[in-house]
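Observations on the model geometry
Each chain, letter by letter, is given below.
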Amino acid sequence: MTKTAARSITILGATGSIGASALDVIARHRQRYRVFAVTAQSNVNDLADIAAKFDADVAVIGDPTLERSLRDALRARGAKTRAHAGRDALVAAAQAPECDTVLAAIVGSAGLEPTLAAAAAGKRLLLANKESIVCAGALLMAAVERGGGTLLPVDSEHNAIHQCLAGVSKSERDGARLILTASGGPFLKRDDLDGVTPDEACAHPKWVMGRKISVDSATLMNKGLEVIEASWLFGIPPDRIDIVIHPQSVIHSMVEFGDGSVLAQMGTPDMRTPLAYALAWPERIASGARRLDFANAGPLTFETPDRRQFRCLDYAYASLRRGGAASVVLNAANEIAVQAFLQERLRFTDIAPTIEQMLGSFDPPAPNDIDDVLMIDREARVRARELIVEKVP
Ligand SMILES: NC(=O)c1ccc[n+]([C@@H]2O[C@H](COP(=O)([O-])OP(=O)(O)OC[C@H]3O[C@@H](n4cnc5c(N)ncnc54)[C@H](OP(=O)(O)O)[C@@H]3O)[C@@H](O)[C@H]2O)c1
């Protein structure tokens, strides 16, 4: 690829775990990728370090009170990067004409607006922020269609399915069954989860991730969100999406076809592999991930998830089937409950009941546009906070 053909990228959530993995891949291919913009919420120093290292044109800090700090930090590093702050600046970075590719790696529904803006602007959208497709699946898919861009999943399971579906006709895909693998998280074999601490919940046996998604993995809500994500991404209904626990995290997901064939995508558990795939698709580039060593991989095992202990799975399926605003409520309740757990204001075992209570007590009409989604999200958060205050006197 020549220098003029280099892709120009905005990384939303550059200071996070996904942001770091993506920058690691990009650093291996500097002639192919130019970093246009990088964003964070409050981590000024890391953002300025990244902007200086990758010579970014723009750095955006989500917290508007930190604009001056960001400017000072960039100046201290001798970076020529322009500093901006606030929600509008995040959206502007996502739809800027100077970039052709956007990595959506903000955590939570905070990623919704910039992700949708990138889709509407026809960007090549590398989607890690699963919460945006969970909350606004129909709107996001329509925005991608209208914008004329390409949506490439970064989540390792959906990235695996994307790879398994390459070259598959629409009719074969319509009859396919998706099998999402789940590591089972840190509590697969643990019965008493009452006294679990945030650090225990974040100690994932296979993947190194941000704290929110680590807790989601421990409750299996991460897999529930992924079922909703898969349904929107691949147009497959919930009754043809299965989950299988596969603690070794070697198979990242599978597709079963009408003739009984099952295709699986495998690799070591390293997010740089799906990121490299999404960055270079339809080509392949080196990711830096360790190679799979079959002779020493040990046995690969599979089991059915324990839905009585990990009830978030059923709530996610139920909200996908119910449609309308249910997934927005599910996601908001989960984000507030996980935040309260990480702040040690809620027990681990109260996360699922909080979500169940929210789904049973708040059933707003289906959203028509992004403003409706944001309004329902805000209202659900207020109600979830009230519930949690009631639980912890
Ligand atoms: N980590 C993984 O392996 C993995 C795998 C698959 C999918 N995902 C998905 O990828 C997304 C990112 O996950 P992560 O693990 O990388 O999260 P993370 O490490 O917590 O990083 C989150 C990033 O989002 C920024 N951010 C946080 N709140 C924000 C807000 N309100 N507005 C704007 N930016 C905000 C953070 O900035 P600050 O640093 O300033 O807080 C940081 O850059 C999540 O949706 C997750 O589900 C992650």
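Quick summary incoming for the structure in this document. Small disclaimer: the values here were computed from a predicted structure and weren't measured.

What counts, and at which threshold
- Residues numbered from 1 in each chain as written.
- Predicted model: local features only at pLDDT ≥ 70, side-chain atom pairs only at ≥ 80, totals over all residues.
- Heavy atoms only, no water.
- Near = heavy atom within 4 Å.
- Polar contact = N/O pair within 3.5 Å; in protein donor to acceptor, adjacent residues only side chain to side chain.
- Areas by Shrake-Rupley, 256 points an atom, 1.4 Å probe, with all protein chains shown as cover.
- Helix = DSSP H or I, 4+ residues; strand = E, 2+ residues; numbered from the N terminus.
- Nonpolar A, V, L, I, M, F, W, Y, C, P; charged D, E, K, R; others polar.
- Buried < 20%, exposed > 50% of the residue type's maximum accessible area, 1.4 Å probe, protein only.
- Axes fitted to C-alpha atoms, helices over the stretch in contact; angles between N-to-C directions.
- Left-handed = near helix turned anticlockwise from the far one by under 90°.
- Contact = heavy atoms within 4.5 Å.
- Pairing = 2+ DSSP bridges.

1. Section: the site of the ligand
Thr 15, Ser 42, Asn 43, Glu 131 and Asp 155 are the nearest of the 25 residues found near the ligand. The contact in question runs from an oxygen atom of the ligand to an N or O atom on the backbone of Val 107, over 3.4 Å. For the ligand, the accessible surface in isolation is 900 Å², of which the surrounding protein chains cover 86%. Where the shell around the ligand is concerned, the elements lending two or more residues are helix 1 (17-27), helix 4 (87-95) and helix 6 (130-147). Counted by class, the shell around the ligand contains 12 nonpolar, 9 polar and 4 charged residues.

2. Topic: the environment of Pro 305
For Pro 305, the location among the structural elements is in the loop between helix 12 (272-280) and helix 13 (312-322). The exposure class assigned to Pro 305 is buried, which follows from its relative accessible area of 9%. For the pair formed by Pro 305 and Ala 182, sequence separation is 123 residues and the distance between their alpha carbons is 8.6 Å.

3. Structural notes on the packing of helix 14 (residues 326-342) against helix 15 (residues 351-361)
Closest axis-to-axis distance for the helix 14/helix 15 pair is 9 Å, and the angle between their directions is 150 degrees. You can see that helix 14 and helix 15 cross each other, and the crossing is right-handed. Between helix 14, through Ala 326, Val 329, Leu 330, Ala 333, Asn 334, Ala 337 and Phe 341, and helix 15, the contact on the second element is made entirely by Ile 351, Thr 354, Ile 355, Met 358 and Leu 359. Classifying every residue of the contact of helix 14 with helix 15 gives 10 nonpolar, 2 polar and no charged.

4. Considerations on the pairing of strand 8 (residues 177-182)
Within strand 8, 5 of the 6 residues are buried, which leaves it mostly tucked inside the rest of the structure. One ladder, built from 3 bridges, connects strand 8 with strand 10 (residues 251-256); its direction is antiparallel. Pairing of Arg 177 across the sheet is with Glu 256, part of strand 10. Pairing between strand 8 and strand 9 (residues 241-245): 5 bridges, direction parallel. Paired with Leu 178 across the strands is Ile 241, a residue of strand 9.

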